[in-house]
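Structural overview for review
Each chain, letter by letter, is given below.
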Amino acid sequence: MQNMETEGVRISYPGDQYHHHSDSEITESESNVYSGPLSGPLNKRAGMKSNSSASCNICDDSVAAQSVKTSAVASDLEKDPQLTSPARGLEKRTSFGSSVVRSASARITQVSQELKRLTSFLKRAPPARFDRTKSAATQALKGLKFISKTDDDAGWPAVEKQFNKLTASTNGSLPRSLFGKCIGMNEESTDFAGNLFDALARERGMKGDSINKAQLKEFWDQISEQSFDSRLRTFFDMVDKDADGRITEVEIREIICLSASANKLLNIQKQAQEYAALIMEEFDPDHLGYIMIDDLEMLLLPTPNQSLRGGDSQNLSKKLSKKLKYTKEKNRLRRWSQSTKYFLQDNWQRVCIIALWIGVMCGLFAYKFVQYRNKAAYEVMDHCVCMAKGAAETLKLNMALILLPVCRNTITYLRNKTTLGVVIPFDDNLNFHQMIAGGIAIGTGIHAIYHLACDFPRLIYARSDKYKLMEPFFGDQPSSYWRFVKSTEGVTGIVMVVLMAIAFTLASPWFRRSELKRLPKPLKSLTGFNAFWYSHHLFIIVYILLILHGIYLYLIKEWYKKTTWMYLAVPLALYVCERLIRALRSSIEPVTILKVAVYRENVLSLHMSKPEGFSYKSGQYMFVNCAALSPFEWHPFSLTSAPGEDYLSVHIRSRGDWTQQLITRFSKVCKPPPSGESGLLRADFLQGDSNSNFPKVLIDGPYGAPAQEYKNYEVVLLVGLGIGATPMISIMKDIVNNIKAVKEEEEDALENGMNGRSGQTLKATTAEAVPKRKAAGSTINNFQTRKTYFYWVTREQGSFDWFRGEMNEVAELDSRGVIDLNTYCTSVYEEGDARSALIAMLQSLNHAKNGIDIVSGTRVKSHFAKPNWHCVYERIASNHTHARVGVFYCGSAALAKELRQLGKDFSHKTSTKFDFHKENF
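Residues numbered from 1 in each chain as written. Predicted model: local features only at pLDDT ≥ 70, side-chain atom pairs only at ≥ 80, totals over all residues. Heavy atoms only, no water.

Okay, the overall build of the protein chain next. From N to C terminus, the protein chain includes 36 helices and 19 strands. Residues classed as buried in the protein chain amount to 48% of the 921 residues present. Considering only intrachain contacts with a sequence separation of at least 6, the fraction spanning at least 24 residues in the protein chain is 72%. (Helix = DSSP H or I, 4+ residues; strand = E, 2+ residues; numbered from the N terminus. Buried < 20%, exposed > 50% of the residue type's maximum accessible area, 1.4 Å probe, protein only. Contact = heavy atoms within 4.5 Å.)

Below, the discussion takes up a nonpolar patch on the surface. A surface patch of nonpolar side chains, amounting to about 610 Å² of accessible area, comprises Ile-540, Ile-541, Ile-544, Ile-547, Leu-548, Ile-551 and Tyr-552. Of note, Ile-551 is situated in helix α28 (residues 539-551). Using a relative accessible area of 40% as the deciding quantity, one classes Ile-551 as partly exposed. (Patch = residues over 30% accessible without salt bridge, like charges linked within 9 Å, V, L, I, M, F, W, Y side chains within 5 Å. Areas by Shrake-Rupley, 256 points an atom, 1.4 Å probe, with all protein chains shown as cover. Salt bridge = Lys/Arg side-chain N within 4 Å of Asp/Glu carboxyl O.)

Here the structure, examined in full by the defined rule, presents one disulfide. A sulfur-sulfur distance of 1.4 Å marks the disulfide that ties Cys-384 to Cys-454. Of this pair, Cys-384 sits in helix α18 (residues 383-401) while Cys-454 sits in helix α20 (residues 429-460); the two residues are 70 residues apart in sequence, bridging distant segments of the chain. Neither Cys-384 nor Cys-454 differs from the other in exposure class; each is buried. (Disulfide = S-S within 2.5 Å.)

Spatially, β10-β9-β13 is the arrangement adopted by the three strands of the open sheet, whose pairing is antiparallel. Strand pairing shows two members of the sheet lacking a second neighbour, β10 (635-638) and β13 (697-703), which therefore form its edges. Each strand axis lies, on average, 30 degrees off the axis of its neighbour in the sheet, ignoring direction. As defined by bridge partners, strand β9 (residues 621-626) adjoins β10 across four bridges and the pair is classed as antiparallel. If you follow Phe-623 over to β10, its bridge partner there is Pro-636. (Pairing = 2+ DSSP bridges. Axes fitted to C-alpha atoms, helices over the stretch in contact; angles between N-to-C directions.)

For the α-helix, the turn length of 3.6 residues means that residues three or four positions removed from each other point alike. Taken together, the buried positions of helix α19 (residues 408-417) are Arg-408, Asn-409, Ile-411, Thr-412 and Arg-415. Here the buried residues of α19 occupy an arc of 160 degrees about the axis, which is enough to place them on one side. Relative to its buried face, α19 has exposed residues pointing more than 90 degrees away, namely Tyr-413 and Lys-417. (Arc of directions from axis to C-beta.)

Another aspect to go through is the packing of helix α8 (residues 190-203) against helix α11 (residues 249-262). Across the interface, α8 lies against α11 with an axial gap of 8 Å and an inter-helix angle of 135 degrees. As judged from the angle between their axes, α8 and α11 are oblique. Contact with α8, carried on its side by Asp-191, Phe-192 and Asn-195, involves Leu-258, Ser-259 and Ala-262 of α11 and no other residues of that element. Of the residues assigned to the contact of α8 with α11, the class counts are three nonpolar, two polar and one charged. (Parallel < 35°, antiparallel > 145°, perpendicular 65-115°, else oblique. Nonpolar A, V, L, I, M, F, W, Y, C, P; charged D, E, K, R; others polar.)

This paragraph deals with the packing of aromatic side chains. Summed over the entire model, instances satisfying the criterion amount to 23 aromatic pairs. Between Phe-456 and Phe-484, the aromatic rings sit 4.1 Å apart at their centres with planes inclined by 5 degrees, giving stacked as the arrangement. Of this pair, Phe-456 sits in helix α20 while Phe-484 sits in helix α23 (residues 482-485), and the two are 28 residues apart along the sequence. The class for Phe-484 is buried, based on a relative accessible area of 3%. Of the aromatic side chains, those joined through ring pairs into one cluster are Trp-792, Phe-800, Trp-802 and Phe-803. Its guanidinium or amino end placed over the ring of Trp-156, Lys-217 lies 5.5 Å from that ring's centre, counting from NZ or CZ. Positioned above the aromatic ring of Tyr-290, the side-chain terminus of Arg-246 is 4.2 Å from the ring centre. (Phe/Tyr/Trp six-rings, centres within 6.5 Å; stacked < 30°, edge-to-face > 60°. Lys NZ or Arg CZ within 6 Å of the ring centre and 35° of its normal.)

Right, let's get into the side chain of Ser-605. Considering the arrangement of structural elements, one finds Ser-605 in strand β8 (residues 603-609). Looking at Ser-605, the relative accessible area reads 3%, which means it is buried. Apart from residues no more than four positions distant in its own chain, Ser-605 is found in contact with Lys-595, Val-596, Ala-597, Tyr-599, Val-650 and His-651.

With that settled, the discussion passes to the confidence of the model for the protein chain. Parts of the prediction with low pLDDT should not have their coordinates interpreted in detail. Per-residue confidence for the protein chain gives a mean pLDDT of 74, with 73% of residues at or over 70. In this model residues 683-690 is a low-confidence stretch, pLDDT under 50, and it forms 21 contacts with partners more than four residues away in sequence or in other chains. (pLDDT = per-residue confidence, 0-100.)

With respect to the helices and strands, Tyr-703 occurs in strand β13. Between the C-alpha atom of Tyr-703 and that of Asn-409, which follows or precedes it by 294 residues, the distance is 6.5 Å. Not counting chain neighbours up to four residues away, the residues in contact with Tyr-703 comprise Arg-408, Asn-409, Thr-412, Arg-582, Arg-585, Gln-620, Tyr-621 and Phe-623. One polar contact links Tyr-703 to Asp-700, side chain to side chain, over a distance of 2.4 Å. (Polar contact = N/O pair within 3.5 Å; in protein donor to acceptor, adjacent residues only side chain to side chain.)

Under the defined criterion, the tally for this structure stands at 20 salt bridges. As a salt-bridge pair, Lys-217 and Asp-221 come within 2.8 Å of each other at their nearest N and O atoms. Of the two residues, Lys-217 and Asp-221 are both situated in helix α9 (residues 213-223); the distance of four residues between them amounts to about one turn of the helix. On the accessibility criterion, Lys-217 (29% relative accessible area) is partly exposed. Among the residues examined, Asp-221 registers a relative accessible area of 37% and is labelled partly exposed.

Following this line, the structure appears as structure tokens:
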């Protein structure tokens, strides 16, 4: 490493005036100046001394060396190991006397050759000047932010408040370990924040591991600086730990490890050495052993011709924002009318079904109310009996209807074989099931309250003359409640209410998803899917009691007037047939486990044999049972295999007791992963003929799901969160298979009897042939999809291992670019954050050289943080005007609400219509 002295240095940043300094005036903050590719920065703290002088201008956001004197050669010869060998040879000549004289000619020749080589090296073309265009400079201002809130005017007050809180017990001294927390970084960024602290302290010549408030304010002012050059300087100082003005491979490896740790990228952390070598290979072609700040700038700053990551165009966003600008209607009546119209357009199917359901209930209630209003019982019990009987009639209806939405085979048949889906929203079957449950709860409450609190007291305290009207039904006048409670009607009614209360409570989201964290330990067992599953089967007892309750009615003696069994007969028979079909089908069609993989993040991949006659559509799901865990529990999982494949596959993530036990059981019988294979806790294990070690698995299905309707749309948006990508993977594989089939059929059509025709004739004939093949039931029947946008958002890097093979397969086979693949890792800080800047640079380098994304490990280049869904919808609306887009989503309910609302907004304000479908199990 050479040392150099400067006679004068001219330093300029955008917007600053030129300043002239002597060598002794150069400060640490002004040390980012260079004299050429062989020299370090003019940095006083590095102790640089030389006989050369240089003048360097940094202006217009670029760096260019103006002059380098040849006296730098002597310094280079003294320090560079590759260049000092001839010089050392000359030094040895004085100690060897006459022997050196005899070899002088040869030595002089050698030195001459080395000097020529050095001269040519110094005269080589300087590194290409990194000229920032206006757009690149604008993009630069968004980059290398050390923390997002540094751009907020209220940033320092918040940091100062945090400082006072953290230093309350340390007399105003903030330790290095709490620096990240003080400026707002999370725990994962502690090491990164520590290195930032070291760089800022090193620049100021500070010692020790703590700072006061004034020093923190200096640190804050620097890291919140809006200039990209300032941020670049700070980032460079973080990497350049020995402050020699150069970044070595070791230093690059360390900052890669820090960035990977802050972003929870374990795979990158393990391969830090490999990626550091990649950077050196690309930016140190002469093997000098270091790179300079201009190289780092070229790495971190997007080039002018580089497209924006994520494919979102700012110009597009501006145009659409103007087009989508919402102007609020001032007239309140018109505003209400417009919102009502939009609501009916989006929900007319649901509105019709709910209106029909409510109308029928109201009609039954009114019918029974009027009927008992004209009976003798009204003379004793007044309106109480009318309310109780009216509610009872709605209960009969709802207890029958609630079974229909869970008759999955029937719904699948109606969805696939009929056109009822035009008017019946089959996707909302579980929502309707829950809504009917609400109606049952209300009806039960009205019926029980009016009987217990109104009817029975009136009977007990009725006058003797009036009670005579009730003697044919109740016998002698009762004197206490016990008479009613111990009767068949009372016992069956009370037991039903208790059982329904238990089932409804444990089916609520708080209990089913174990969202109640502060329950006492004895009650913990009442939460989770298992508690929901078993408690729901209490309804078997409820239906038996309901029939008995309907037989032993107080006020009706004729059998043909006891209508409870009439309401329940057909739905109960249908549901019993459903359960029998499930039991028979799962036992008649056993499956063989072909392959098992247990991934990180507790995800199990099962590849099973495909039973004969098992026909399904992409997007559908099936139930899986493992008798070794529980012979009664069946759990639904989306199929990840495509219909054209000769196997069935599902990916199961640990979400509760059953799934965790299943993963643990299969993990024990799998072999350890081979060395060098990442992403698997257990290796794929081909089972072959010896399957005795694997637990027996039964399947039941397939069942219809919203995602299977994707073929009805020319443009499709698929969104999966985490394991919610499972139905989308099957759909993408199916799309690729359909594309291949279409291509093959078109090629066959062109080859069979069409050779020799003109191009226009060929196109016309092919266009005519496609509908004919559709009518004949070819592979492209009902397939309309022409463009698919896939967005997979996951928290952990290891999640990408689940579908690495499938993603690569789709990327390779989609030769027509029908599927636009977009993967997002939310553990990585958003693009522009200093903590993810090096990761983004590595990603671009490795993808350009090897075609592999370092985050996902696939051919698909992943993005950081969360998608901007508004921009996603804007992009699709712009690319596909006057189209109907099918949006299919599988994931948490929170994002579903946002995606549904965005679809409505864009459907109302653009010519593109978005139909939202959410996966429901």
